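# Architecture and fold: a report
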Amino acid sequence: MAKSKTNTEDYLRMYRQMVRIRTFEDNANQLYLSAKMPGLTHMYSGEEAVAVGICEALTDDDRITSTHRGHGHCVAKGAEFKEMFCELLGKEEGYCRGKGGSMHIADQSHGNLGANAIVGGSMGIATGSALRAKLQGSDDVTVCFFGDGATAQGLMYEVMNMAALWKLPVIYACENNGYSEYTRTDEIAAGSITARAEAFGIEAHKVDGQDVLAVNELTQKLVARCRKGEGPFFVELETYRYHGHHVGDINREYYRSKDEEKDWRENRDPIIRFRSYLVDQGIASEEEIEAMNAEIEKDATDAVAYAEAAPYPDASEVDMHVYAD
């Protein structure tokens, strides 16, 4: 791929976004381990190229729906550290005034319709968003993120049937990280995942989810075609989660080996791979990348301190945003 000024800016932004996700997750994990964050959280570390590759092909007008493992999507779609950490800690300055927490962050200003802790739960929301776009005659696209485990949910087949019949501008993005909670994907998903979409006449693709440029290139093409009315589309992204199903899932050897985890971390890490590409292509030096990494780490550290000191919402807010005005 030829290097240009535009590509250079795009590539550095994609690298920055991937590191921001990894850094956010590292800090979120520490907040949990130090008992400062209520509830559980599900780390996105290792899957950064999926969220960034896709969201970099979208605008703020384009929508996404997310999952219980949704911090990466939220950051990639433009969310800020301060508001996100405030949300995790239940503070009023959080994106949902502290009421959503780790698994229910929404950021309407950047088109993030929200994360959902129900497996496959946001599929109907995403398809409804795409139907809204078509009825309104707008050209925005909706991306529905979900894991391989959600391919066993009946809602997926209902919405794909409707999306195919009505030619809706929606992209179903299956993040296949190899495991449905504690069970290997091939033990819960019979046959081919992409064949599920093809059964409805939906064009389906499979891509290396650890290659941010491959993900971005494919998504740009599919988004452009969606805007022309050629949707829907389905993409299976092969990726891997470094942590357990959730932060409390520490002893994982009964369902996956340490050697497997080590292999993915050392040989298929999306950030390491892209960093090497940037240096090899002369887009950035090691020193420039280290400076960027340090800047992002400081931003995260400052945001955590800010969130820890931020106020909780007043008790009078308990029924705020529960009922429509």
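Summary of the structure given here. Since this is a predicted model, take the numbers as computed values, not measurements.

## Let's talk about a nonpolar patch on the surface
Together, Met-162, Leu-165 and Trp-166 line one region of the surface with nonpolar side chains, adding up to about 310 Å² of accessible area. For Leu-165, the position within the fold is in helix H6 (residues 154-166).

## A short note on the pattern of salt bridges
Across all of its chains, the model carries 25 salt bridges by this definition. For Arg-16, the salt bridge goes to Glu-295, with nearest N and O atoms at 3.4 Å. Taken together, the residues span a long stretch of sequence, with Arg-16 in helix H1 (residues 5-33) and Glu-295 in helix H12 (residues 286-309) at a distance of 279 residues. With a relative accessible area of 27%, Arg-16 lands in the partly exposed category.

## Remarks on helix H9 (residues 212-227)
Here H9 is 16 residues long and its end C-alpha atoms lie 22 Å apart, about the 22 Å a rise of 1.5 Å per residue gives. What H9 keeps buried is the set Val-212, Leu-213, Val-215, Asn-216, Leu-218, Thr-219, Leu-222, Val-223 and Cys-226. Regarding H9, its N-cap is Asp-211, as a side-chain oxygen of that residue lies 3.2 Å from the backbone nitrogen of Leu-213 further along.

## Re the pairing of strand E7 (residues 233-238)
Across the 6 residues of E7, 5 count as buried, placing the element largely inside the fold. In this structure, strand E3 (residues 170-176) lies alongside E7, joined through 6 bridges in parallel fashion. The partner of Tyr-172 across the bridge, within E7, is Phe-234. Across 6 bridges, the pairing between strand E6 (residues 203-208) and E7 is parallel. Among the inter-strand pairings, His-205 is bridged to a residue of E7, identified as Val-235. Crossover E6 to E7 through H9 is right-handed.

Thresholds applied
Residues numbered from 1 in each chain as written. Predicted model: local features only at pLDDT ≥ 70, side-chain atom pairs only at ≥ 80, totals over all residues. Heavy atoms only, no water. Patch = residues over 30% accessible without salt bridge, like charges linked within 9 Å, V, L, I, M, F, W, Y side chains within 5 Å. Areas by Shrake-Rupley, 256 points an atom, 1.4 Å probe, with all protein chains shown as cover. Salt bridge = Lys/Arg side-chain N within 4 Å of Asp/Glu carboxyl O. Helix = DSSP H or I, 4+ residues; strand = E, 2+ residues; numbered from the N terminus. Buried < 20%, exposed > 50% of the residue type's maximum accessible area, 1.4 Å probe, protein only. Expected span 1.5 Å × (residues − 1). Polar contact = N/O pair within 3.5 Å; in protein donor to acceptor, adjacent residues only side chain to side chain. Pairing = 2+ DSSP bridges. Right-handed = clockwise from strand over helix to strand, strands pointing away.

Coordinates in, geometry out; function isn't part of it.
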